[in-house]
Amino acid sequence: MISLHHINLHLPDFSLTDIHLQVHRHDFFALIGPTGSGKSLLLEGIMGIMPFTSGILLSDGRDITRFPVEKRNLALVYQDFALFPHLNVFKNTLYGTTFHNISKKEAGQRFTYLVSALGLEKIVHRYPHNLSGGEKQRVALARSLILNPQVLLLDEPLSALDPVFHDEARQLLKKVHKELRMTIIMVSHNFDEVLYLANRGAIIKGGRIMHQGDILSIFEKPDSRFTANFVGMKNIMPYHLNGSSLQITGTRLEIIPHCPPDPAHQYMGIRPENILFHIPGNPVCKNHFTGKIKDIASCGVFLRVQLETQGVMFEAVWPAAHIKQFRLETGKTAAFGFPSVAVHTF
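In this report, we go over the structure that sits alongside the text. (Residues numbered from 1 in each chain as written. Predicted model: local features only at pLDDT ≥ 70, side-chain atom pairs only at ≥ 80, totals over all residues. Heavy atoms only, no water.)

### Side note on the overall build of the protein
From N to C terminus, the protein includes 9 helices and 20 strands. For the C-alpha atoms alone, the extent of the protein along its principal axes is close to 75 × 45 × 35 Å. With 346 residues in all, the protein has 49% of them scored as buried. Restricting to contacts in the protein with at least 6 residues of sequence separation, those with at least 24 account for 65%. (Helix = DSSP H or I, 4+ residues; strand = E, 2+ residues; numbered from the N terminus. Buried < 20%, exposed > 50% of the residue type's maximum accessible area, 1.4 Å probe, protein only. Contact = heavy atoms within 4.5 Å.)

Structure (structure tokens):
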């Protein structure tokens, strides 16, 4: 659907370098990376706002690298929604149709459908200053979708919303993607919304693509130490092979993996939510230990628990109810473990 080959974009203080990216038809594709990594710049390059210095951009196999913005059949929604303050919802939504050779009849039909689909019936005569954050987002989506773009580009679409509207907006994007069978590329730094919305994605760092593919694979099977750290793998440690076990470098602690690791791999990692509490003497996993609780941090309904065993620190995420149920507190010991399939190497 959207293919980028050897894409470069050079600015005085930053560059996108040799970008290769493949977005399939009907993908909900997430671009994620640290602040300043080039996510939004890449989105603007695809849109044509920031022309690429070199490389090829294909849309359905057609080279659109040098096409002007209005000829690309793409639509971009910014995080601040960028609605025209002097136009009401009706005029904001229809604004772009006059520049895209869409007849009044067709524009009216699309408008009627989107107003109903996005729940805008009661606010079509309001102006942006009288709209909530969630309402502004729906209007911005309607204004983009009325152009019937091949691909919808979203730049941090939920970051400007307060928690009251966040979940509603997330469900709305899921609905738009499913019911309209849209191809969507979204820039985001929120892992929860990425995992909820996206089926594929890519991690970008310093203007370079570090990893791309299935979203669950990126989060659960990262291919580098950077990716593992970035997606919250935690418990990342160097190891060497000791028979069929992974021995943590500088310690005697051995971990049993699910299968033999790639000989080129040097690090292992375990997601903190995969480290399970168990009753002492009743282990539930092949890898089981007893350790001292070094710290407990409350994260609402969850706890981040630091555990030390044999000189190695582990971080686990456990339900907050464990504190009362098992009388957990700093300085006490706790039994814990993790399945061998939770051990990933890279």
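Following the structure, the description resumes.
### Structural notes on the nonpolar core
In terms of nonpolar packing, the biggest core is built from 45 residues, with L141, L152, L154 and V194 touching the most fellow members. Per-element accounting of this core gives the leading share, 5 residues, to helix α4 (residues 133-145). Dropping the residues within four chain positions of it, V194 is found in contact with A30, I32, M186, S188, I215 and F219. With 27 residues, the next largest nonpolar core counts I19, V23, I64 and A202 among its residues. (Core = buried A, V, L, I, M, F, W, Y, C linked by side-chain atoms within 4.5 Å.)

### Some remarks on the pattern of salt bridges
The tally for this structure, following the rule as stated, stands at 8 salt bridges. A salt bridge links D60 to R25; the nearest nitrogen and oxygen atoms lie 2.6 Å apart. Residue D60 is found in the loop between β4 (54-59) and β5 (62-63), and its partner R25 is found in the loop between β2 (14-23) and β3 (28-32); the two are separated by 35 residues along the sequence. With a relative accessible area of 39%, D60 lands in the partly exposed category. Notably, a salt bridge pairs E106 with R110, separated by 2.4 Å at the nearest N-O pair. (Salt bridge = Lys/Arg side-chain N within 4 Å of Asp/Glu carboxyl O.)

### A word on the side chain of N8
Within the secondary structure layout, N8 lies in strand β1 (residues 2-11). Judged by its relative accessible area of 14%, N8 is buried. Separated by 2.9 Å, the side chain of N8 and the backbone nitrogen of D18 make a polar contact. With residues near it in sequence (within four places) discarded, N8 still touches L16, T17, D18, F52, T53 and S54. (Polar contact = N/O pair within 3.5 Å; in protein donor to acceptor, adjacent residues only side chain to side chain.)

### Looking at the sheet that holds strand β17 (residues 302-309)
As a general point, the strands of a sheet are linked pairwise by backbone hydrogen bonds and lie either parallel or antiparallel. Taken in spatial order, the 5 strands make up an open sheet running β15-β19-β16-β17-β18, and their pairing is antiparallel. Single-partner strands in this sheet number two, and they are β15 (276-277) and β18 (312-319). In this structure, β17 lies alongside β18, joined through 8 bridges in antiparallel fashion. Each residue of the ladder has a partner; that of L307, found in β18, is F314. (Pairing = 2+ DSSP bridges.)

### Looking at the environment of I102
Within the fold, I102 resides in the loop between α2 (89-94) and α3 (104-117). Exposure remark for I102: the relative accessible area of 15% places this residue in the buried category. Beyond its immediate stretch of four places on either side in the chain, I102 contacts T97, A107, R110, I146 and L147.

### Considerations on the packing of aromatic side chains
Tallied over the entire structure, the rule returns 13 aromatic pairs. Plain terms: the ring middles of Y95 and F99 are 5.3 Å apart, the flat faces sit at 50 degrees to each other, and that makes the pair tilted. Seen in terms of ring centroids, F226 and F230 are 6.0 Å apart; in terms of plane orientation they differ by 15 degrees. Their pairing is stacked. Remark: F230 and F226 occur in helix α8 (residues 225-230); sequence separation between them is 4 residues, near one turn of the helix. Residue classification places F230 among the buried residues on the basis of a relative accessible area of 18%. (Phe/Tyr/Trp six-rings, centres within 6.5 Å; stacked < 30°, edge-to-face > 60°.)

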